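Analysis of the macromolecular model
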Amino acid sequence: MIALGALLMVVVLGMTGYEIWRQYNSTITLAERNLNVLADVLVGEIGRTISGVDSVVEQSVLDLSTEGNRPPEQIRRTLRDRATGVPAIFGLLLIDAQGLPIASLHSLSPRHHAFAQSIRASVAGQNLPIHVGTVTAAPFDGTPIIPFSRLRHDAAGNIAGITVAAMSVQYFQEIFLQVKSKTVTTLTLTLARQDGAILVQTPEGATTKMSGMTEFRPDSRDNGLIHDDDTSAGRIVAFRTLRPYGLKLSVAVNAADLLNLWRSNALRLLLAALVAALVVAALIWAILRRLALDEAQRANLRSIDNQRRMAQFSLDAGADMVVWTNDKGSIIYANPAAHQALGYAPGTLFNRSIPDIDPSVPPAAWEGRLDDLRRAGTLRFETSLRTLSGKLISVEVSIALLQADGRDHTCAVIRDIGAHKQSEAILAERTKRLEASNAELEQFAYVASHDLREPLRMVNSFVALLARRFGDQMDPEAREYVEFAREGALRMDRLILDLLEYSRVGSTGRPMAAVDLGTVLNDVRQTLALTLNEAGAELILPASLPKVWGDFDELARLLGNLIGNGLKYRHSDRLPRIEVECLTQDGQITLSVRDNGIGIAPQYFDRIFRIFQRLHGRDRYDGTGIGLAICKKIVERHGGRIWVSSTPDQGSTFFFTLKPAPAA
Ligand code: ADP
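The rules behind these values
Residues numbered from 1 in each chain as written. Predicted model: local features only at pLDDT ≥ 70, side-chain atom pairs only at ≥ 80, totals over all residues. Heavy atoms only, no water. Helix = DSSP H or I, 4+ residues; strand = E, 2+ residues; numbered from the N terminus. Rg over C-alpha atoms; globule rule 2.2 N^0.38 Å. Buried < 20%, exposed > 50% of the residue type's maximum accessible area, 1.4 Å probe, protein only. Areas by Shrake-Rupley, 256 points an atom, 1.4 Å probe, with all protein chains shown as cover. Lys, Arg positive; Asp, Glu negative; His and termini not counted. Charge placed at Lys NZ, Arg CZ, Asp CG, Glu CD. Salt bridge = Lys/Arg side-chain N within 4 Å of Asp/Glu carboxyl O. Near = heavy atom within 4 Å. Polar contact = N/O pair within 3.5 Å; in protein donor to acceptor, adjacent residues only side chain to side chain. Nonpolar A, V, L, I, M, F, W, Y, C, P; charged D, E, K, R; others polar. Core = buried A, V, L, I, M, F, W, Y, C linked by side-chain atoms within 4.5 Å. Contact = heavy atoms within 4.5 Å. Phe/Tyr/Trp six-rings, centres within 6.5 Å; stacked < 30°, edge-to-face > 60°. Axes fitted to C-alpha atoms, helices over the stretch in contact; angles between N-to-C directions. Parallel < 35°, antiparallel > 145°, perpendicular 65-115°, else oblique. Left-handed = near helix turned anticlockwise from the far one by under 90°. Pairing = 2+ DSSP bridges.

1. Concerning the overall build of the protein
Summing up its helical and strand segments, the protein has 14 helices and 23 strands in all. Radius of gyration (C-alpha) of the protein: 71 Å, far over the 26 Å computed for a compact globule of 664 residues. Summarising its shape, the C-alpha atoms of the protein cover approximately 220 × 80 × 40 Å along the three principal directions. Per-residue burial for the protein yields a buried fraction of 38% across its 664 residues. Accessible surface for the protein amounts to roughly 37700 Å². Of this, 56% is attributable to carbon and sulfur atoms. Across the protein, 72 positive and 72 negative side-chain charges occur, with their mean positions spaced 4 Å apart.

2. Points about the pattern of salt bridges
Counted under the stated rule, the structure contains 37 salt bridges. Ionic pairing is found between Arg369 and Asp358, a salt bridge with its closest N-O pair at 3.6 Å. Taken together, the positions of Arg369 in helix H8 (residues 366–376) and Asp358 in the loop between helix H7 (354–357) and H8 put the pair 11 residues apart, joining distant regions of the chain. A salt bridge links Arg637 to Glu554; the nearest nitrogen and oxygen atoms lie 2.9 Å apart.

3. A closer look at the site of the ligand
Of all residues adjacent to the ligand, which total 21 residues, the nearest are Lys568, Tyr569, Arg614, Thr624 and Leu628. Within the backbone of Gly625, one N or O atom sits 3.0 Å away from an oxygen atom of the ligand. Contact between the ligand and Leu628: an oxygen atom at 2.8 Å from a main-chain N or O atom of the residue. With the chains in place, 98% of the 520 Å² that the ligand exposes on its own is no longer accessible. Only helix H13 (552–568), helix H14 (627–637) and strand E23 (651–658) provide two or more residues apiece to the shell around the ligand. A total of three residues in the shell around the ligand trace back to one element, the largest contributor, which is H13. Taken together, the residues of the shell around the ligand sort by class into eight nonpolar, 10 polar and three charged.

4. Considerations on unusual backbone geometry
For the peptide bond that leads from Thr202 to Pro203, omega is -10 degrees, which places it in the cis range. Looking at where Pro203 falls in the secondary structure, it is placed in the loop between strand E8 (198–202) and strand E9 (224–228).

5. What to know about the nonpolar core
Core analysis: the largest hydrophobic core is formed by 51 residues, its most contacted members being Leu42, Ile46, Ile50, Val53, Leu92, Phe148 and Leu191. Broken down by element, the residue count for this core peaks at 13 residues, all from helix H1 (residues 2–67). Apart from the residues within four sequence positions on either side, Phe148 is in contact with Ile50, Val53, Asp54, Val57, Ile130, His131, Val132, Thr163, Val164, Ala165, Met167 and Tyr245.

6. Considering the packing of aromatic side chains
Taken as a whole and judged by the stated rule, the model has seven aromatic pairs. With a centroid separation of 6.0 Å and 55 degrees between ring planes, the pair formed by Phe148 and Tyr245 is classed as tilted. One end of the pair, Phe148, is in strand E5 (residues 144–153); the other, Tyr245, is in the loop between strand E10 (235–242) and strand E11 (247–254), and 97 residues separate them in sequence. The residues Phe148 and Tyr245 share a single accessibility class, namely buried. Ring geometry for Tyr569 versus Tyr621: centroids 4.9 Å apart, planes at 50 degrees, classification tilted. Of this pair, Tyr569 sits in the loop between H13 and strand E20 (577–585) while Tyr621 is found in the loop between strand E21 (588–594) and H14, placing the two residues 52 residues apart along the sequence.

7. Looking at the side chain of Asp595
When you line up the elements, Asp595 lands in the loop between E21 and H14. We note that Asp595 is buried and unpaired, the nearest opposite charge coming from Arg574 at a distance of 7.2 Å. Asp595 has contacts with Gly566, Arg577, Ile578, Gln650, Gly651 and Ser652, leaving out every residue within four places of it along the chain.

8. Observations concerning the packing of helix H11 (residues 517–527) against H13
Helix packing geometry: the angle between the two helix axes and the distance between the axes. One can describe the packing of H11 onto H13 by two numbers: an axis separation of 9 Å at closest approach and a directional angle of 55 degrees. As judged from the angle between their axes, H11 and H13 are oblique. The crossing of H11 and H13 is right-handed. In this structure, H11 contributes Leu517, Thr519, Val520, Leu521, Asp523 and Val524 to the contact, and H13 contributes Phe552, Leu555, Ala556, Leu559, Gly560 and Ile563. Taken together, the residues that form the contact of H11 with H13 break down as nine nonpolar, two polar and one charged.

9. A word on the sheet that holds E8
The five strands are arranged E8-E7-E11-E10-E9 in an open sheet whose pairing can be described as antiparallel. Of all the strands in the sheet, the pair left with one neighbour each is E8 and E9. Taken over all neighbouring pairs, the strand axes of this sheet differ in orientation by 20 degrees on average, direction set aside. Pairing between strand E7 (residues 187–193) and E11: seven bridges, direction antiparallel. Counted as the bridge partner of Arg193 is Leu247 from E11. Contacts from helix H4 (residues 169–180) reach E7, E8 and E11 within the one sheet, and its direction differs from that of E8 by about 35 degrees. Contacts from helix H5 (residues 255–317) reach E10 and E11 within the one sheet, and its direction differs from that of E11 by about 35 degrees.

10. Here's the deal with the packing of helix H10 (residues 476–504) against H14
Following both chains from N to C, one finds H10 and H14 inclined at 10 degrees, their axes separated by 9 Å at the closest point. Comparing the axis directions of H10 and H14 gives the class roughly parallel. Residues Asp498, Glu501, Tyr502 and Ser503 of H10 lie in contact with H14, whose contacting residues are Ala629, Ile630 and Lys633. Of the residues in the contact of H10 with H14, the class split is three nonpolar, one polar and three charged.

11. Let's talk about the pairing of E11
When you tally the buried positions in E11, you get seven out of eight residues, the bulk of the element. The pairing of E10 with E11 spans eight bridges and is antiparallel. Note that in E11 the partner of Leu242 across the bridge is Leu247. Where E10 hands over to E11, the hairpin turn is made up of four residues, of which Gly246 adopts a positive phi near 65 degrees.

12. Quick notes on the environment of Val323
Locating Val323 in the fold gives a position in strand E12 (residues 321–325). A sequence separation of 27 residues divides Val323 from Phe350, and the C-alpha atoms of the two residues are 9.7 Å apart. With residues near it in sequence (within four places) discarded, Val323 still touches Ile331, Tyr333, Ala334, Ala338, Ile354, Thr410, Cys411, Ala412 and Ile414.

Written out as structure tokens, the structure is:
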């Protein structure tokens, strides 16, 4: 298309160029033709005029030879008669062989320098009978005239005298003007002698001398047409020679003037061509743009079509139901999943109304739902839909209001949550059962440990009684056995007490409340004051602590256990240093208890939180292995988690999270 446009523009511009060139040629050819015609007309006219003058001069010569010596007055009369019929003649002068005047018309005198010159030239060029002089002013009135002289000879062939006619310059000028008045171009008409001396010229003084001009050079032809580029403006000249009189006539036109018209025409043409080219370019641009737009539109349509197909696929293949309604609540579209889930044959949901499938929206309630949608834009709720067979299925509905054709439409994406609901119910049931069994178990542990203490106390007291009453009668071995039995009973009591404590966590029935951790820690510090002092330990607590949501006693037990462990598992090389820190981030409180004790190997990080799990023998560190299990139970009851990080031989840090107390 662009190539075609370029070609079209080249053709338009090429044709314009050709037309301009053709007009140039025809302008020149026409001018040449006109100049030739004018030159021919002029040369004829001027030739006739001069030959008229010449015949008067010749006749006078004849008259003189036939009439002999007549009185001058008579001769002058004859001369006047002859000259009267030839308007180009201003005056006449007859001179004898001695150069003396015989007769004259208009008081011409041989002494007048122009005539004298003419006479001298005539005599000098004897074999040329005619001589034309240069322009001069006539005596008395100064009229510009051109002397025209002819020699007279007697019967023997000697010079008998000269006849001089004064030709009127004005007469020739009138001929020139007459010719010029018939043309529109500015012409320069010149009548000059062959030596270049100008005799008559229109416009006057257009050139001062013709001798330099091409057509006046000695080697120039007599007649012809030339393009003279020597002059500054350039000329086209048609010239003719009046050979008998030694005169040349030139009709010249200034090439620049001549081409002015052509130039303005060419400019107009060029402008028109440019406008045409621009119009062509604009047209092509418009077509190209249209084509590009069409292509973009096609691409857009393709992409819309693809999107439509993709959307259609998701509707057809999607597991969720999709139902469109109009503002009256009539179904205008339902996808295959909707038909299948509601038990309808494909396409049969069309034109059904929402109340047909959703018993929670009776016909009168539809407008209300639409209003809710207009307010909220989208709604999300759970409801039950009725299948064709009357069964109810639980669904979750996301519904949005959309405008189409200036009317409200709704689009509902419906998910069958029947299975989900069922598993939720099963889960809830299981949790309930688990909670019940846990409670039962805890109750059992509590009762068991409580009731176990009674016979244990009996064992304990009877073993003590045995030692007291019969200790003297026993041998050392028996005494040792009794001591073992007493220690075992004591340890068992402690185990039962710890177990009791473990089972009591969360079963006190006290409700959770806002607890100030600062108060809890102060309480703990006081409880452990003696042990801390004895061990020479340093306990560092944060300057300020937040309030948490929990049980004061349990939190005190938790922190007491962790700080107590930090003291118990201290390193023999250094005094114990225990630091409690607190970090609140993302609505969660993390507390850490860091010690500089013996540390724990990473493989035990989980194990130590299990009940009865101990890493050391009782001979080294006393304990039951329940402390951390109690801590874990307390933290989890508070909705948090507990973990440890440690480097053996350097110390351990126990972390646990708690929930902040809600703002009062
Ligand atoms: P107990 O201290 O009665 O043995 P715990 O449940 O409190 O029981 O601790 C379980 C085990 O975890 C301990 O036996 C001990 O080996 C290890 N342990 C607990 N706290 C620390 C601690 N701060 N530093 C090193 N070891 C610890």
